[in-house]
Amino acid sequence: MNTENYDVIVIGGGPIGLATAYHLGKRKAKTLVLEQFTFVNQLGSSAGVSRQFRIPYPQEYMVQMALDAQPYWDALEKETNTTLLDKVGTLWFGDPAVHSTEGNIAEAEQALKELGVPYTTLTAKEIEEKYHFKNLPETYTGLFQADGASINFKATNETLLDLCKKEETVQLEENSPVLAINQLGELFELTTPNGIYIAKKIVIIPGPYINSVVNLLDFKIEATYWNMSSAYFKKTDPNIQYPTWFVFQNPVGENGNQFYGFPSVDWDHPEYIRVAPDFVINPLEEPSDRTLIPNPQELGYTSDWVKEHMTGLSTEPEYTSTCLIALSKIANKELLIDFAPSYVPNHKNIVLYATGWAAKFTPFLGKIMSDLALDGHTDFDITPFQLGYKYFKAI
């Protein structure tokens, strides 16, 4: 096998890995992207073709990150003829006392106020009248933030792949899982089925497969895995449209009772509305345990909720999908953006992103990761994401 040398090797060719490589390429760094499957695959956390872009978060630093991401989306859209963000707004509603995987409505309102982000407060009746929901408890409240959007995530992925192909210093290798990482002084030697590669820096972004890579460096990230379900319900009223939305409700038994949804869009089963549970009944211990078949109980709870609370839709899904996501066991849904732990040799030349839902930050995260790799720092404050040794475990 030939041995090639690079400034940076990016492990993981999903959207965030490609965004990182694109920004590295713009700075003329000789870059290699290693993807264990094919590019634009459906086997990781980028599965499916739609995601939500939203500003509301219960933490100010997350609201700020969403605001900072907006100009990077604008710049990315200028590189393609495809609209990447369908700006239909974000609706959060439900029990104002509930704290969920998404946060809490009251805390999100406060964070938006602190950063001067405009939004509208809503009563249960107003939510029903304006946004086509029904049978909501009178105690429910909500907020609407107009900058929310449905992300054409497949087109985002394809756009980033095309941009990387145009960068002279970026090389793309698919079907190339990393089998070994050896340290050669201050350099890294990566072995794949297709060759051996040497780099000054490595960036690790393989989504839910994070531990298959960092285990090669003798540590792991404590994570659990959700094989998330989605369902598509046909519109019975062709004129009806929904924003992106999330409902906050208390659990009912094993049912997490929290759901989210999307508008109908041209790129994802036109004339259908996607609705999904924001919970899983049986979390996975390992990514290899996933299945491409959604959990029928989760779909059943989703259908029941659509029947009870949404208008203009059929009550049984005609299409379904799954998506595999890694979540921290210690602080659910937090993002991890950091260097490798200090006990790993050459750790300041190893940058990684892991856990949580981050599609909405894709082009911005690419900038952050590339700056960390090349400069050892970034202008964006990543302190909230530098989660310390409790998120790592030596093996």
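Refer to the structure above for everything that follows.
Per-chain numbering applies: the sequence of each chain, read as written, is numbered from 1 onward. Predicted model: local features are reported for residues with pLDDT of at least 70 only, side-chain atom pairs are reported and counted for 80 or more only, and whole-chain, interface and lining totals are derived from all residues. By convention in this description, side-chain values take in all heavy atoms of the structure and omit both hydrogens and water.

It is worth spelling out the overall build of the chain at this point. From N to C terminus, the chain includes 8 helices and 21 strands. For a compact globule the rule gives 2.2 Å times the number of residues to the power 0.38, and the radius of gyration it is set against comes from C-alpha atoms. The C-alpha radius of gyration computed for the chain amounts to 21 Å, which stays within 12% of the reference 21 Å derived for 395 residues, consistent with globular compactness. Dimensions along the principal axes, computed over C-alpha positions, put the chain at roughly 65 × 40 × 40 Å. Classification of residues uses two cut-offs on accessible area relative to the type maximum, computed with a 1.4 Å probe and protein chains only: under 20% is buried, over 50% is exposed, and between them is partly exposed. Split into buried and exposed, the 395 residues of the chain put 59% on the buried side. Long-range contacts, defined as pairs at least 24 residues apart, comprise 73% of the intrachain contacts of the chain with a sequence gap of at least 6. Only the protein chains shown count as cover for residues, and the accessible areas themselves come from Shrake-Rupley with a 1.4 Å probe. Of the accessible surface of the chain, which amounts to about 15700 Å², a share of 48% is contributed by carbon and sulfur atoms. Helical segments are the DSSP runs of H or I of at least four residues, strand segments are the runs of E of at least two, and each set is numbered from the N terminus. We call two residues in contact whenever any of their non-hydrogen atoms come within 4.5 Å of each other.

Among the buried residues, those of types Ala, Val, Leu, Ile, Met, Phe, Trp, Tyr and Cys that are joined through side-chain atoms within 4.5 Å form a nonpolar core. If you look at the biggest cluster of nonpolar residues, it comprises 70 residues, and the most contacted ones within it are Met-65, Ile-337, Phe-361 and Ile-368. Ranked by residue count, the leading element in this core is helix 2 (residues 60-77), at 7 residues. When sequence neighbours within four positions are dropped, the list of residues in contact with Ile-368 reads Met-65, Ile-337, Thr-378, Phe-380 and Ile-382.

We now examine the pattern of salt bridges. A pairing counts as a salt bridge when a side-chain nitrogen of Lys or Arg comes within 4 Å of a carboxyl oxygen of Asp or Glu. Within this structure, the stated rule accounts for 8 salt bridges. Notably, a salt bridge pairs Glu-102 with Arg-54, separated by 2.5 Å at the nearest N-O pair. In this pair, Glu-102 sits in the loop between strand 5 (90-94) and helix 3 (105-114) while Arg-54 sits in the loop between strand 3 (50-53) and helix 2, placing the two residues 48 residues apart along the sequence. Glu-102 sits in the buried class, given a relative accessible area of 11%. Residue Arg-54 is classed as buried on the basis of its relative accessible area, which comes to 3%. Here Glu-222 and Lys-220 are joined by a salt bridge, their closest N and O atoms 3.9 Å apart. Judged by relative accessible area, Lys-220 falls into the partly exposed class, the value being 27%.

For the rest of this paragraph, the subject is helix 7 (residues 296-309). In this scheme, a helix's expected span is set at 1.5 Å multiplied by one less than its residue total. The end-to-end C-alpha distance of helix 7, which contains 14 residues, comes to 20 Å, matching closely the 20 Å that a straight helix rising 1.5 Å per residue would cover. Within helix 7 the residues assigned to the buried category are Glu-298, Leu-299, Thr-302, Ser-303, Trp-305, Val-306 and His-309. Taken around the axis of helix 7, the buried residues stretch over an arc of 160 degrees, which confines them to a single face. Along helix 7, exposed side chains directed more than 90 degrees from the buried face belong to Pro-296, Asp-304 and Lys-307. What the arc measures is the spread of directions leading from the helix axis to the C-beta atoms.

What follows is about the sheet that holds strand 18 (residues 319-328). Only strands joined by at least two bridges in the DSSP assignment are considered to pair. Overall, mixed pairing links the 8 strands, which are arranged 6-7-5-15-16-17-14-18 in an open sheet. If you trace the sheet from one side to the other, it starts and ends with strand 6 (120-123) and strand 18, each paired once. Recorded for the sheet is a direction-independent mean angle of 20 degrees between the axes of neighbouring strands. One ladder, built from 3 bridges, connects strand 16 (residues 259-261) with strand 17 (residues 272-277); its direction is antiparallel. Here the axes come from fitting lines to C-alpha atoms, over the contacting stretch only for helices, and the angles between their N-to-C directions go from 0 to 180 degrees.

Here we come to the packing of aromatic side chains. Pairing of aromatic side chains here covers Phe, Tyr and the six-membered ring of Trp, requires ring centres within 6.5 Å, and sorts the geometry by plane angle: under 30 degrees stacked, over 60 edge-to-face, intermediate tilted. This structure, assessed with the given rule, holds 22 aromatic pairs. Aromatic side chains Phe-93 and Phe-133 sit 4.7 Å apart centroid to centroid with 50 degrees between the ring planes, which places their arrangement in the tilted category. With Phe-93 in strand 5 and Phe-133 in the loop between helix 4 (124-131) and strand 7 (141-145), the pair connects residues that are 40 residues apart, well separated along the chain. Side by side, Phe-93 and Phe-133 carry an identical accessibility label, which is buried. Aromatic ring contacts, followed pair by pair, group Phe-93, Phe-133, Tyr-242, Trp-245, Phe-259, Phe-279, Tyr-301 and Trp-305 into a single cluster. The criterion for a charge sitting over a ring is simple: Lys NZ or Arg CZ within 6 Å of the ring centre, and within 35 degrees of the ring normal. It is Lys-30 that lies over the ring of Tyr-6; its NZ or CZ is 5.0 Å from the centre. One Lys or Arg, Lys-360, reaches over the ring of Phe-361 and ends 5.5 Å from the middle of that ring.

Within the fold, Pro-283 resides in the loop between strand 17 and helix 7. Here the alpha-carbon distance between Pro-283 and Ala-111, two residues 172 residues apart in the chain, equals 30 Å. Setting aside its immediate chain neighbours within four residues, Pro-283 contacts Thr-224, Tyr-225 and Trp-226.

Right, let's talk about the side chain of Thr-362 for a bit. Mapped onto the elements of the fold, Thr-362 is located in helix 8 (residues 362-375). Taking the relative accessible area as the measure of exposure, Thr-362 reaches 0% and is therefore buried. Leave out the neighbours within four places in its chain, and Thr-362 touches Pro-15, Ile-16, Ala-19, Trp-73, Phe-153 and Leu-160.

The definitions used throughout rest on a 1 Å grid laid over the protein atoms alone, on which a cavity is an enclosed set of points accommodating a 1.4 Å probe that cannot get out and a pocket is an open set flanked by protein within 12 Å on both sides along at least five of seven lines; lining residues are those having an atom within 4 Å of a point. Grid points are joined across faces, edges and corners, and a volume is the space filled by probe spheres set on the points. The final tally for this structure, using the stated rule, is 1 cavity of 30 Å³ or more. Of the volumes computed, that of the largest cavity is approximately 30 Å³. The nonpolar class holds Ala, Val, Leu, Ile, Met, Phe, Trp, Tyr, Cys and Pro. Asp, Glu, Lys and Arg form the charged class, and all remaining residues, Gly among them, are polar. For the lining of the largest cavity, the per-class residue count stands at 2 nonpolar, 5 polar and 1 charged.

Sheet architecture is open: 3 strands sit in the order 3-8-4, paired in antiparallel fashion. What marks the edges here is a single partner per strand, and that holds for strand 3 and strand 4 (85-86). Where strand 3 meets strand 8 (residues 149-152), 4 bridges bridge the pair, whose relative direction is antiparallel. Within the sheet, the bridge partner assigned to Ser-50 lies in strand 8 and is Asn-152. Running at roughly 130 degrees to strand 3, helix 2 makes contact with strand 3, strand 4 and strand 8 of the sheet.

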